[in-house]
Amino acid sequence: MATKFSEITATDMRAAMIDSQLRTNDVVDAAVVGAMAVVPREAHVPAHLASVAYMDRAIALGHGRALNAPLVTGRMLVAAAIRPGQRVLLIGSATGYTAALLVRLGAEVHVVAVLVHVQRQKRRGAGEVAGVVGGPGVDQLAVARRPGQQHPARAAAQRLAHG
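Scope of this entry: the structure provided in the associated data block. None of these values were measured; they are calculated from a predicted model.

1. Focus on unusual backbone geometry
Of note in this structure, Asp26 is not a glycine but carries a positive phi near 70°. Examined against the element boundaries, Asp26 turns out to sit in the loop between α1 (7–22) and α2 (30–38). Asp26 gets classed as exposed once you look at its relative accessible area, which sits at 62%. For Ala81, which is not glycine, the phi dihedral falls at a positive 50°. Along the polypeptide, Ala81 turns up in the loop between α3 (70–80) and β3 (87–91). Relative accessible area serves as the criterion here: at 43%, Ala81 is assigned to the partly exposed category.

2. With respect to the pairing of strand β4 (residues 108–112)
Burial of β4 is extensive: 4 of the 5 residues sit out of reach of the surface. In this sheet, β4 lies alongside β3 in parallel orientation, the contact comprising 5 bridges. Counterpart to Val88 in the pairing with β4 is Val109. On the question of chirality, the crossover connecting β3 to the parallel β4 by way of helix α4 (residues 97–104) is right-handed.

3. Remarks on the side chain of His110
Its place among the elements puts His110 in strand β4. Judged by relative accessible area, which is 18%, His110 ranks as buried. A distance of 2.9 Å separates polar atoms of two side chains, one belonging to His110 and the other to Glu108.

4. Some remarks on α3
Burial in α3 covers these residues: Pro70, Leu71, Thr73, Gly74 and Leu77. Buried residues of α3, seen end-on, are gathered within an arc of 160° and therefore sit on one face of the element. Once α3 ends, the next one or two residues include Ala81, with phi positive near 50°.

What counts and how
Residues numbered from 1 in each chain as written. Predicted model: local features only at pLDDT ≥ 70, side-chain atom pairs only at ≥ 80, totals over all residues. Heavy atoms only, no water. Helix = DSSP H or I, 4+ residues; strand = E, 2+ residues; numbered from the N terminus. Buried < 20%, exposed > 50% of the residue type's maximum accessible area, 1.4 Å probe, protein only. Pairing = 2+ DSSP bridges. Right-handed = clockwise from strand over helix to strand, strands pointing away. Polar contact = N/O pair within 3.5 Å; in protein donor to acceptor, adjacent residues only side chain to side chain. Arc of directions from axis to C-beta.

If you want it as structure tokens, here you go:
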């Protein structure tokens, strides 16, 4: 009999991910492990994938997008050596999980990605689209240009999130 996915289960799975996937593979940076211990990975996948959010594999999200395996994300964050207050430009946010981790590490995060619903709009001939997307703690923004419309010569940067 299948059990219902719950917060207790998610907390247990998050702890198991840290102990069996991260620490055993030398992802031991206290800040990175601490961020991955509190940011709910299951909140960054579609509900039907929440029960597999902590598996040691990438999660296919459709439309050519995937959420990296936890070990890959942990290694990238360790290699990036993020310090509080640093500005980070994240290209292609998938679900916003990495952006949420970066915010938890104290970074000022700017995320550039094409939103799936905006991609569909573009295919219908709505114009060129550039999107900015995030997850919990990161605002969402999409910027579109209709055919024939001029882009401004200079556009102000949007501050999306801060730690």
